[in-house]
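# A look at the structure
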Amino acid sequence: MGTQDPGNMGTGVPASEQISCAKEDPQVYCPEETGGTKDVQVTDCKSPEDSRPPKETDCCNPEDSGQLMVSYEGKAMGYQVPPFGWRICLAHEFTEKRKPFQANNVSLSNMIKHIGMGLRYLQWWYRKTHVEKKTPFIDMINSVPLRQIYGCPLGGIGGGTITRGWRGQFCRWQLNPGMYQHRTVIADQFTVCLRREGQTVYQQVLSLERPSVLRSWNWGLCGYFAFYHALYPRAWTVYQLPGQNVTLTCRQITPILPHDYQDSSLPVGVFVWDVENEGDEALDVSIMFSMRNGLGGGDDAPGGLWNEPFCLERSGETVRGLLLHHPTLPNPYTMAVAARVTAATTVTHITAFDPDSTGQQVWQDLLQDGQLDSPTGQSTPTQKGVGIAGAVCVSSKLRPRGQCRLEFSLAWDMPRIMFGAKGQVHYRRYTRFFGQDGDAAPALSHYALCRYAEWEERISAWQSPVLDDRSLPAWYKSALFNELYFLADGGTVWLEVLEDSLPEELGRNMCHLRPTLRDYGRFGYLEGQEYRMYNTYDVHFYASFALIMLWPKLELSLQYDMALATLREDLTRRRYLMSGVMAPVKRRNVIPHDIGDPDDEPWLRVNAYLIHDTADWKDLNLKFVLQVYRDYYLTGDQNFLKDMWPVCLVRDAHAVASVPGAVMESEMKFDKDHDGLIENGGYADQTYDGWVTTGPSAYCGGLWLAAVAVMVQMAALCGAQDIQDKFSSILSRGQEAYERLLWNGRYYNYDSSSRPQSRSVMSDQCAGQWFLKACGLGEGDTEVFPTQHVVRALQTIFELNVQAFAGGAMGAVNGMQPHGVPDKSSVQSDEVWVGVVYGLAATMIQEGLTWEGFQTAEGCYRTVWERLGLAFQTPEAYCQQRVFRSLAYMRPLSIWAMQLALQQQQHKKASWPKVKQGTGLRTGPMFGPKEAMANLSPE
């Protein structure tokens with residue numbers, strides 16, 4: 001508790017304990033003497049060096065939590081907090097403070113190489129921000145600053161998200177689709193009030209903040225007696241209230257439910273407070289949940305905001321709360337703060353108070369009797385520039401040595417959305433179940449409070465096989481589930497698709513396109529919260545494992561959208577920033593880089609990315625073909641394969657009139673010398689868009705051979721013998737060229753140019769083999785890369801890129817020179833890309849290097865989550881020192897490829913796939929959609 005002016009708390013406190021967290025000069029607030037008060041022991045919040053009873057080892061095992069729990073001075077372990085996850089004391093301070101990557105971090109040699117791009121970017125950035133008044137899709141001038149505060153986000157998939165920090169603050173908001181506001185809203189708080197024998201003895205905002213507003217409130221919670229524990233989609237915060245013999249455990253629940261396409265879309269979160277009385281006296285406990293209407297920024301300024309209480313009774317269950325109406329266009333919404341009414345609880349509210357005032361009225365209201373006044377009727381709409389907040393309070397009696405439960409929900413209803421161009425109206429997925437009229441917040445609240453127990457059962461059934469597996473390290477269990485935050489908090493949208501919105505002429509040859517989009521909607525997630533492009537496909541290649549394993553219908557929907565976009569063209573010419581060349585936005589029969597910018601009109605206008613003309617990128621088409629087969633293999637969906645086959649390759653130009661060519665035909669032009677192996681174009685023409693590649697290369701060449709091998713398999717499945725023979729011939733020639741030009745006895749060279757860095761060891765050189773193994777190929781009759789070469793290359797990567805880099809403790813650097821020095825020839829070669837490292841670890845597991853795989857991936861987890869303080873904002877990249885780049889990024893979802901590799905490893909031990917003689921084909925997918933996910937699916 002913070003030191004306060006006695007006047008701030010009022011004179012009505014009969015007894016209180018005020019604790020300061022100041023280490024050097026602890027101060028105690030002594031209220032004015034009042035009649036009838038009881039003596040209460042007052043304890044200072046001392047430093048971690050103070051003598052305390054020994055802590056329980058489960059709470060802060062250094063092996064599991066690093067140094068994140070060393071500051072915890074409490075003994076409480078909380079109510080049913082699981083042993084695995086990411087755990088941190090609220091008093092912890094991260095000592096390493098890194099900065100976002102900026103131009104001054106570029107070496108002089110690389111600066112000279114990119115001077116033209118830099119000047120063109122500055123010109124484009126000025127026009128975008130000052131003339132068009134829009135936000136750049138990548139803002140290299142104003143990167144999001146480091147804030148080491150984030151925790152589990154609230155909200156299901158595609159309905160918007162609200163992130164609650166690990167210290168309890170509501171601090172990151174994505175209500176408008178794809179657009180983030182990083183703002184801590186001070187009024188959004190939980191406050192506890194304890195009363196004994198009819199008098200308030202303790203009242204505290206459960207926040208470490210010491211703000212300049214709401215100064216009548218008791219701020220400055222002592223963080224040494226509280227900790228946060230995250231295991232997405234749930235999180236726990238445990239507060240031991242010193243001197244009170246009371247422990248609070250707040251459990252946060254969001255309905256992220258694999259293979260569920262209804263509840264997983266809901267824009268809701270639940271807070272369950274379990275209060276334990278460890279003393280011998282009865283007491284009354286109240287928790288107040290206060291919430292501002294809006295964020296206190298420009299969206300609130302026009303005024304017209306208003307609140308009103310509500311009560312909804314259905315099926316014998318009653319929910320009471322407040323509706324916070326925020327009618328600002330173009331995306332009006334209603335927030336609902338609600339609580340469940342039970343026989344043991346009382347729910348009260350205050351409809352409106354000024355969140356920018358001292359807050360005296362609401363504080364005294366709660367202080368007086370542990371309840372709020374509950375006025376009837378709605379508030380007056382706010383005037384321009386005036387804020388409004390409200391609060392809901394749940395109270396219960398707590399017997400000696402007893403326990404009680406108080407249940408809150410937070411829901412938001414923004415059913416109709418418009419993207420930045422304000423051109424089309426879209427409806428969110430959840431409106432299919434709760435209506436499109438904008439009046440669903442009470443029903444959402446009721447549903448969440450009545451269903452959360454079932455959600456938790458399903459979450460436990462999904463996660464328990466991993467958590468209970470003693471062969472898996474604790475850090476991996478945390479990383480696997482916590483990295484999933486990005487599926488909901490990646491600026492994600494999940495939209496209903498109207499029948500008349502799909503182009504008849506493009507979709508008529510994909511028979512199951514319309515049913516898929518109609519039944520499962522349209523899904524989009526950003527490349528990163530700072531790299532604002534939906535479904536960036538070269539990156540989705542890595543991240544897609546999470547989607548195909550947990551929500552396979554969303555992956556298929558995304559693939560249908562990508563196929564549609566491939567068949568379209570946009571011949572509008574624009575200047576590309578890297579080359580300065582004018583070229584069309586999108587050419588037909590090439591995979592788009594992305595599906596569009598949420599600040600524009602995604603799906604209608606694709607390819608927001610304009611650094612390179614990606615029509616000539618070498619990896620996008622190949623990644624589509626590989627993902628099509630992988631998705632077929634893991635789902636067994638033959639209709640999907642039949643629909644995608646013409647997009648991959650058309651046998652006869654007359655067979656599909658709307659598709660005169662297809663992605664593999666488009667790719668073949670990059671094999672200039674017809675040796676069966678494509679060549680890179682002497683610029684950064686792949687996902688490493690700052691790392692130049694020339695001629696045949698390990699990365700793109702490997703992806704090419706893997707895609708050709710997959711085409712052989714798909715041709716056989718589709719009965720296209722001539723195509724099978726054609727690609728078998730290409731594969732044979734390409735394998736010979738790849739080995740001859742790139743294999744050096746220890747690893748595959750970066751590329752085949754004459755530059756010194758062509759012999760760099762690329763951590764991602766085995767990406768083609770990774771995907772082949774994920775598809776049940778790449779060995780035996782379907783071997784593409786010699787197994788001994790793959791294993792030797794992976795061992796070399798582990799020796800050089802992992803162990804010889806940063807003491808082996810930071811993952812794998814992208815590029816390492818053969819003599820053990822990081823490759824600094826580009827702005828990306830000396831970075832660590834977290835998602836690439838997880839994919840590399842999966843490849844190692846596939847090839848039997850399981851220990852090396854876990855060691856490699858662990859370095860990234862420890863660096864991001866424990867050292868740099870980047871929890872729930874895992875970046876695309878970091879360097880060995882000083883900088884990170886692109887916070888909250890899509891690619892690290894590739895950790896689910898590690899889980900797939902482990903599952904396939906277990907399955908292989910149990911049974912071998914049956915293979916038809918002479919064809920290299922299995923009789924069918926080794927895994928069906930349920931069999932493959934048996935260990936991870938609630939089904």
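Residues numbered from 1 in each chain as written. Predicted model: local features only at pLDDT ≥ 70, side-chain atom pairs only at ≥ 80, totals over all residues. Heavy atoms only, no water.

A tally of regular secondary structure across the protein chain gives 23 helices and 32 strands. The proportion of buried residues among the 939 residues of the protein chain is 64%. The long-range share in the protein chain, meaning contacts at least 24 apart out of those at least 6 apart in sequence, stands at 70%. Surface accessibility of the protein chain: about 32400 Å² in total, with carbon and sulfur atoms responsible for 49%. (Helix = DSSP H or I, 4+ residues; strand = E, 2+ residues; numbered from the N terminus. Buried < 20%, exposed > 50% of the residue type's maximum accessible area, 1.4 Å probe, protein only. Contact = heavy atoms within 4.5 Å. Areas by Shrake-Rupley, 256 points an atom, 1.4 Å probe, with all protein chains shown as cover.)

This part takes up the nonpolar core. Considering soluble globular proteins, one finds that nonpolar side chains tend to be buried as a cluster. In terms of nonpolar packing, the biggest core is built from 284 residues, with Trp 86, Trp 273, Leu 410, Phe 624 and Trp 896 touching the most fellow members. With 15 residues, helix α17 (residues 698-717) is the largest single contributor of residues to this core. Listed in part, the 17 residues of the second largest apolar core include Trp 219, Met 288, Ile 350 and Leu 372. (Core = buried A, V, L, I, M, F, W, Y, C linked by side-chain atoms within 4.5 Å.)

The strands making up a sheet are joined through hydrogen bonds of the backbone, oriented either antiparallel or parallel. Sheet architecture is open: four strands sit in the order β3-β4-β5-β6, paired in antiparallel fashion. Sheet topology places β3 (153-154) and β6 (181-182) at the edges, where each strand pairs with a single neighbour. As defined by bridge partners, β3 adjoins strand β4 (residues 161-164) across two bridges and the pair is classed as antiparallel. Following the sheet pairing, Leu 154 is matched in β4 by Ile 162. (Pairing = 2+ DSSP bridges.)

In this description, an aromatic ring pair is defined by two values, namely the gap between the centres and the angle between the planes. The final tally for this structure, using the stated rule, is 59 aromatic pairs. A ring pair is formed by Phe 419 and Tyr 534, whose centres lie 6.2 Å apart and whose planes are at 70°; its orientation type is edge-to-face. Of this pair, Phe 419 sits in the loop between β20 (416-417) and β21 (426-427) while Tyr 534 is found in the loop between β23 (522-524) and α12 (537-550), placing the two residues 115 residues apart along the sequence. Here the two residues Phe 419 and Tyr 534 agree in accessibility, since each one is buried. These aromatic residues form a ring-pair network of at least three members: Trp 86, Tyr 228, Trp 475, Tyr 476, Tyr 485, Phe 486, Phe 523, Tyr 525, Phe 854, Tyr 861, Trp 865 and Phe 872. (Phe/Tyr/Trp six-rings, centres within 6.5 Å; stacked < 30°, edge-to-face > 60°.)

Quick look at the confidence of the model for the protein chain now. Of the residues in the protein chain, 88% reach a pLDDT of 70 or more, and the chain-wide mean stands at 89. In this model residues 1-20 is a low-confidence stretch, pLDDT under 50, and it forms 87 contacts with partners more than four residues away in sequence or in other chains. Every residue in residues 651-661 is under pLDDT 50, and counting partners more than four places away or in other chains gives 16 contacts. (pLDDT = per-residue confidence, 0-100.)

With that settled, the discussion passes to helix α23 (residues 895-910). Because each turn of an α-helix spans 3.6 residues, side chains separated by three or four positions in sequence point in the same direction. Taking 1.5 Å per residue, 16 residues should reach 22 Å; α23 reaches 24 Å between its end C-alpha atoms and fits that length. Here α23 has its buried residues at Ile 895, Trp 896, Ala 897, Met 898, Gln 899, Leu 900, Ala 901, Leu 902, Gln 903, Gln 904 and His 907. (Expected span 1.5 Å × (residues − 1).)

One pass over the structure, following the stated rule, counts 43 salt bridges. Measuring nitrogen to oxygen at the nearest pair gives 2.8 Å for the salt bridge that ties Arg 405 to Asp 274. Taken together, the residues span a long stretch of sequence, with Arg 405 in strand β19 (residues 403-413) and Asp 274 in strand β12 (residues 268-277) at a distance of 131 residues. Classification of Asp 274 as buried rests on a relative accessible area of 0%. (Salt bridge = Lys/Arg side-chain N within 4 Å of Asp/Glu carboxyl O.)

This part is about the pairing of strand β8 (residues 199-205). A regular strand places its side chains so that they alternate between the two faces of the sheet. Counting buried positions along β8 gives six out of seven residues, so the element sits mostly inside the fold. Where strand β7 (residues 189-196) and β8 come together, six bridges link them in antiparallel fashion. Directly across from Val 192, in β8, lies its bridge partner Gln 204. Connecting β7 to the antiparallel partner β8 that follows it, the hairpin turn spans two residues, and Glu 197 within it adopts a positive phi of roughly 50°.

Turning to unusual backbone geometry, a few remarks are in order. Cis peptide bonds are those with omega within 30 degrees of zero, and the linkage from Tyr 232 to Pro 233 qualifies with 15°. Structurally, the position occupied by Pro 233 is in the loop between β9 (226-231) and β10 (234-241). The phi dihedral of Gln 80 falls on the positive side, at around 55°, and the residue is not glycine. The topology assignment puts Gln 80 in the loop between α2 (62-65) and β1 (86-89). Residues other than glycine seldom take positive phi values, yet Asn 245 does so here, at roughly 55°.

A few words on the environment of Tyr 560. As for its position among the elements, Tyr 560 is in helix α13 (residues 552-567). In this structure, the C-alpha to C-alpha distance between Tyr 560 and Asp 643, residues 83 residues apart in sequence, is 8.7 Å. Setting aside anything within four residues of it in sequence, one finds Tyr 560 in contact with Met 510, His 512, Leu 513, Thr 516, Asn 639, Phe 640, Asp 643 and Met 644.

The next thing to look at is α17. Here α17 spans 29 Å end to end across 20 residues, near enough to the 28 Å set by a 1.5 Å rise per residue. The element α17 is largely enclosed, with a buried count of 18 among its 20 residues. Just past α17, the residue Gly 719 takes up positive phi, approximately 70°.

A contiguous nonpolar patch, built from Ile 115, Leu 119, Leu 122, Met 140 and Ile 141 and spanning about 450 Å² of accessible area, is present on the exposed surface. Examined against the element boundaries, Leu 119 turns out to sit in helix α4 (residues 115-131). With a relative accessible area of 54%, Leu 119 lands in the exposed category. (Patch = residues over 30% accessible without salt bridge, like charges linked within 9 Å, V, L, I, M, F, W, Y side chains within 5 Å.)

With respect to the element layout, Val 784 can be found in the loop between α19 (767-774) and α20 (787-803). For the pair Val 784 and Ala 709, spaced 75 residues apart in the sequence, the C-alpha separation amounts to 7.4 Å. Excluding residues that lie within four positions of it along the chain, Val 784 makes contacts with Leu 705, Ala 709, Leu 731, Gln 735 and Leu 772.

The next thing to look at is the pairing of strand β17 (residues 345-353). With seven of its nine residues buried, β17 lies for the most part within the structure. Pairing of β17 with strand β18 (residues 389-398), which is carried by seven bridges, proceeds in the antiparallel orientation. Residue Thr 346 lies in a different strand from β18, and its bridge partner there is Ser 395.

Let us now look at the side chain of Thr 492. Mapped onto the elements, Thr 492 comes out in the loop between α9 (485-489) and β22 (493-495). The exposure class of Thr 492 is buried, given its relative accessible area of 0%. From its side chain, Thr 492 meets the backbone oxygen of Leu 487 in a polar contact 2.8 Å long. Discounting chain neighbours no more than four positions away, the residues touching Thr 492 are Ile 157, Gly 158, Gln 174, Phe 486, Leu 487, Phe 523, Gly 524 and Tyr 525. (Polar contact = N/O pair within 3.5 Å; in protein donor to acceptor, adjacent residues only side chain to side chain.)

Moving on to the packing of α12 against α13. Look at α12 against α13: their axes get within 7 Å of each other, and the N-to-C directions meet at 145°. Here α12 contributes Tyr 537, His 540, Ser 544, Leu 547, Ile 548 and Leu 550 to the contact with α13, which in turn contributes Pro 552, Leu 554, Glu 555, Leu 558, Gln 559 and Met 562. Grouping the amino acids of the contact of α12 with α13 by side-chain chemistry returns eight nonpolar, three polar and one charged. (Axes fitted to C-alpha atoms, helices over the stretch in contact; angles between N-to-C directions. Nonpolar A, V, L, I, M, F, W, Y, C, P; charged D, E, K, R; others polar.)

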